[in-house]
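# Fold and contact review
Okay, here's what each chain looks like letter by letter:
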Amino acid sequence: MSIETRPGNLLVVTAPSGAGKTTLCRSVIERLEPTIRYSISHTTRPPRGNERNGVDYHFVADAEFDRLIGENQMAEWATIHGHRYGTSRAEIEDSQARGQDLFLDIEGQGAVQIKKLFPQAILIYILPPSLADLRDRLLRRGSDAPAEIERRWENARRELAFLPNYDYIIVNDILSEATRGLEAIVLAARQRRENMQDAIRRFPAAPQS
Ligand code: ADP
Ligand code: 5GP
């Protein structure tokens, strides 16, 4: 189906840090772009390493984040590790207008807010095969300091409490299979009846709903 003829889907993807969410989302985007892209969040945390403003995040000052909330420009937001993170309404409206699907890499509190505001949003939770695997991946990624790893480990365990809100669960054991699972969810969402109104209209004999 051509990208212009359907509204874009919102696919919220959450995982305890280290489960492989970034790896999975990137490989699905590589396979399906430009029909899907990452949502770029706003955050008050400073950039890390080679993160770029406007690419990885919109890095903003506290006052700017306050302004965005005050003007009701955020679809959702949450405080994590002492910094605020949020998805702007503009980011969502832009992708919907283009008929482009959006991966929202956000944590559990934000996911709940998105589902309230956009009931058609699809919530996907990525699990590692086990807690031991999670610990292993956090350690082996090698990009974080030991204190950061400990904090992520504690947060990961807390994040699991949000699991019951999610529509789909993917266990990221064998990467190629997990990638196929995530891609299948994205593709299936495109075929939902509410996304197929153009096709239905070509059959006036069918009830139009
Ligand atoms: P997240 O974005 O969830 O924090 P990453 O995508 O950065 O996690 O993955 C964490 C680490 O685990 C990385 O080193 C990545 O290469 C590795 N990894 C991801 N998926 C798998 C998998 N299926 N099997 C083994 N290692 C994996
Ligand atoms: P990091 O600082 O490692 O980039 O992200 C920390 C956490 O913030 C991750 O769990 C990530 O999913 C979450 N996050 C990133 N952007 C947003 C956002 O816009 N909203 C919410 N609620 N969480 C976000």
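Check the entry above for the structure.
Overview of the structure. (Residues numbered from 1 in each chain as written. Chains lettered and ligands numbered in written order. Predicted model: local features only at pLDDT ≥ 70, side-chain atom pairs only at ≥ 80, totals over all residues. Heavy atoms only, no water.)

### Quick word on the site of ligand 1
- Around ligand 1, the structure places S17, G18, A19, G20, K21, T22, T23, R137, R141, N172, D173 and L175.
- Between ligand 1 and K21 there is a distance of 2.8 Å, counted from an oxygen atom to a backbone nitrogen or oxygen.
- Here a nitrogen atom of ligand 1 sits 2.8 Å away from a polar atom, N or O, in the main chain of D173.
- Of all the secondary-structure elements, those providing two or more residues to the shell around ligand 1 are helix 1 (21–32) and helix 5 (131–141).
- Tallying contributions element by element places helix 1 first for the shell around ligand 1, with three residues.
- Among the residues making up the shell around ligand 1, the classes are represented as two nonpolar, six polar and four charged. (Near = heavy atom within 4 Å. Polar contact = N/O pair within 3.5 Å; in protein donor to acceptor, adjacent residues only side chain to side chain. Helix = DSSP H or I, 4+ residues; strand = E, 2+ residues; numbered from the N terminus. Nonpolar A, V, L, I, M, F, W, Y, C, P; charged D, E, K, R; others polar.)

### Here we look at the pairing of strand 7 (residues 101–105)
- Burial runs high along strand 7: four of the five residues are buried.
- As paired elements, strand 1 (residues 10–14) and strand 7 share four bridges and run parallel to each other. In the sheet register, L11 faces strand 7, and the bridge partner there is F103.
- As paired elements, strand 2 (residues 36–38) and strand 7 share three bridges and run parallel to each other. Bridged to Y38 within strand 7 is F103. (Buried < 20%, exposed > 50% of the residue type's maximum accessible area, 1.4 Å probe, protein only. Pairing = 2+ DSSP bridges.)

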